[in-house]
Amino acid sequence: MSDADRARFAPLLPREPIRFAPDFAWGVASSAFQAEGGDVANDWVAAARAGRVPPNPGNGFWTRAEQDLALAASLGLRHYRLSVEWSRVEPARGRFDEAAFDRYRAICDAAVAAGVAPWVNLFHFTHPTWFAERGGFLEPANHADFLRYVERAGRALAPHARHFHVSNESMVYVLTGYLMGTNPPFVRDAASAFAMTRHVLALHADAFRILKALEPQPTVATIEVYLDPRPEQPDDALQRQAAERFDAWYHGVLLEALATGWVRVPARAPEEIGHLRGALDCYGFNYYNATSFGADGPGSWSDRGDPPVDAMGRKVFPGGLEDGLVRVARALPGVPLLVTENGVPTTDEAFRIRYVAAHLAALERARQRGADVRGYFHWTLVDNYEWHFGFGPERFGLVGFDPATGARHARASARWLAEVIRTGVLDPARIP
Ligand code: BGC
């Protein structure tokens, strides 16, 4: 790491040792398609064929999961967030593939055998092509298809995993797929995005009920990324308004909906959705960076003139994690929080370690301010496919792999985090 980056990070790092309780949940997060890759019949593979996103050979998790889970356990990580690739278990509408379910059952069993709790997420950005071709979630007649899959997957895996998520970042799915048009199905239409907001919340409520009815009854947590919108120049009225309007839709609607059951989307009549109020056992909070609204559109935000910047060009701002956790805790009193993703694309291990240390310090500050944060899941264990960067140099893994052999190699950040977990102390003197 350069001396300049060292100096940029210095004010963000903890000055005193931070102690973590023995029951603090240390984990890693991943998603099916990003780790498994392969020639599955989903909308991202179709988009890659059309040259709109990079191809995804995967990192080998589909066949090497047992080794990866053992590696996680050896680092002291006791929780592993994975997801089910819907197109594997239901490759054609109504035709479920028991062999694919068997593999997911075996992965969950391998986790438990290694002393790692699997957290099973059922939707992480990818749809089977048959579902995408029918119009996806935007078409209300399709909702029953998703709920049937949730029910089948839940029944298949509930005996093997105690923790479930309906979806990952459904608001990002709506934002990127229907408002910005950068992800499948590449739509840019505010009316569709607002309709989708209502649909993903209604689907969450229905899927939550389905999962909570399973035997044995699992815990079901949401997962949303905190984007922390801010005006680039606080005294610019237009930028302030843009950030506030975005925040009211993106964070405001979601938090109000979970707290009250009411969905108030711009340009649509308010709607109360049955069973949405309180439809979560735990709030999964993802965080990478804050978002600025400036003259050139959205970017990343920092309160410093010269912040550290990651390999994807994002300014490092741990304060967003602190403030976001406190905000969610206040909006949803009594709901435990879990950081379900946080990590950084970099090729520099000192940068990664400092990024994590700075965010763990922010997490601790949020706890001091009353947020009931029960754990930290790092994104991710083994380098995986990054949606618009493929397997470029922007790697998020604590562990790298050899593309020719698949062999894993733990990085310095993995060893550093394992030491924090083992001792229960983040010691500033041990930050490189
Ligand atoms: C997503 C991941 C993604 C990560 C890093 C998160 O918001 O859930 O799928 O890889 O960000 O960009």
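Refer to the structure printed above.
If you're wondering where the values come from, they're calculated on a predicted model, not measured in any experiment. (Residues numbered from 1 in each chain as written. Predicted model: local features only at pLDDT ≥ 70, side-chain atom pairs only at ≥ 80, totals over all residues. Heavy atoms only, no water.)

Asks: Go over the side chain of Ser 192 with me, naming the residues and quoting the values.
Replies: Tracing the backbone shows Ser 192 in helix α10 (residues 190–212). Residue Ser 192 is classed as buried on the basis of its relative accessible area, which comes to 12%. Non-local contacts of Ser 192, meaning those with residues more than four positions away in its chain, are made with Leu 138, Tyr 178 and Val 187. (Helix = DSSP H or I, 4+ residues; strand = E, 2+ residues; numbered from the N terminus. Buried < 20%, exposed > 50% of the residue type's maximum accessible area, 1.4 Å probe, protein only. Contact = heavy atoms within 4.5 Å.)

Asks: Give me the layout of surface pockets: which residues, what numbers.
Replies: Each pocket or cavity is described by its volume, and for the largest pocket that value is around 1300 Å³. If you trace the largest pocket, you find 41 residues lining it, with Val 172, Leu 175, Thr 176, Met 180 and Leu 227 closest to the centre. Listed by contribution, the elements that provide at least two residues to the lining of the largest pocket are α9 (170–179), α10, β6 (219–226), α11 (237–260), β11 (290–294) and β12 (297–301). Looking at which element gives the most residues to the lining of the largest pocket, the answer is α11, with 6 residues. Among the residues making up the lining of the largest pocket, the classes are represented as 24 nonpolar, 12 polar and 5 charged. When its volume is computed, the second largest pocket comes out at roughly 260 Å³. Residue lining of the second largest pocket: 15 residues in total, with Asp 23, Ala 25, Pro 336, Leu 338 and Arg 374 positioned closest to the centre. Class assignment of the residues belonging to the lining of the second largest pocket gives a composition of 8 nonpolar, 3 polar and 4 charged. (1 Å grid on protein atoms, 1.4 Å probe; cavity = no way out; pocket = protein on both sides within 12 Å on 5 of 7 lines; lining within 4 Å. Points joined across faces, edges and corners; volume = space filled by probe spheres on them. Nonpolar A, V, L, I, M, F, W, Y, C, P; charged D, E, K, R; others polar.)

Asks: Break down unusual backbone geometry for me, citing the residues and quoting the values.
Replies: Only a minority of non-glycine residues have a phi that is not negative, and only a minority of peptide bonds are not trans. Here Glu 215 and Pro 216 are connected by a cis peptide whose omega angle stands at -10°. Following Trp 379, the chain continues into Thr 380 via a peptide bond in cis, with omega recorded as 10°. Relative to the assigned elements, Thr 380 resides in the loop between β14 (373–379) and β15 (399–401). One non-glycine residue, Phe 125, lies in the positive phi region at around 75°. Within the fold, Phe 125 resides in the loop between β4 (117–121) and α7 (129–133). Positive phi, close to 70°, is recorded for His 275, a residue that is not glycine. Relative to the helices and strands, His 275 is located in the loop between β9 (271–272) and β10 (282–287). For His 275, a relative accessible area of 45% translates into the label partly exposed.

Asks: Account for the sheet that holds strand β3 (residues 79–83), with residues named and values stated.
Replies: The strand order around the closed barrel built from 8 strands is β2-β3-β4-β5-β6-β10-β13-β14, with neighbouring strands paired in parallel fashion. Averaged over all adjacent pairs, the angle separating strand axes in this sheet is 30°, with direction ignored. Where β10 lies against strand β13 (residues 337–341), 4 bridges are found, and the strand directions are parallel. Opposite Gly 284, over in β13, you have Leu 338 as the bridge partner. Running at roughly 165° to β14, helix α13 (residues 349–368) makes contact with β2 (25–29), β10, β13 and β14 of the sheet. (Pairing = 2+ DSSP bridges. Axes fitted to C-alpha atoms, helices over the stretch in contact; angles between N-to-C directions.)

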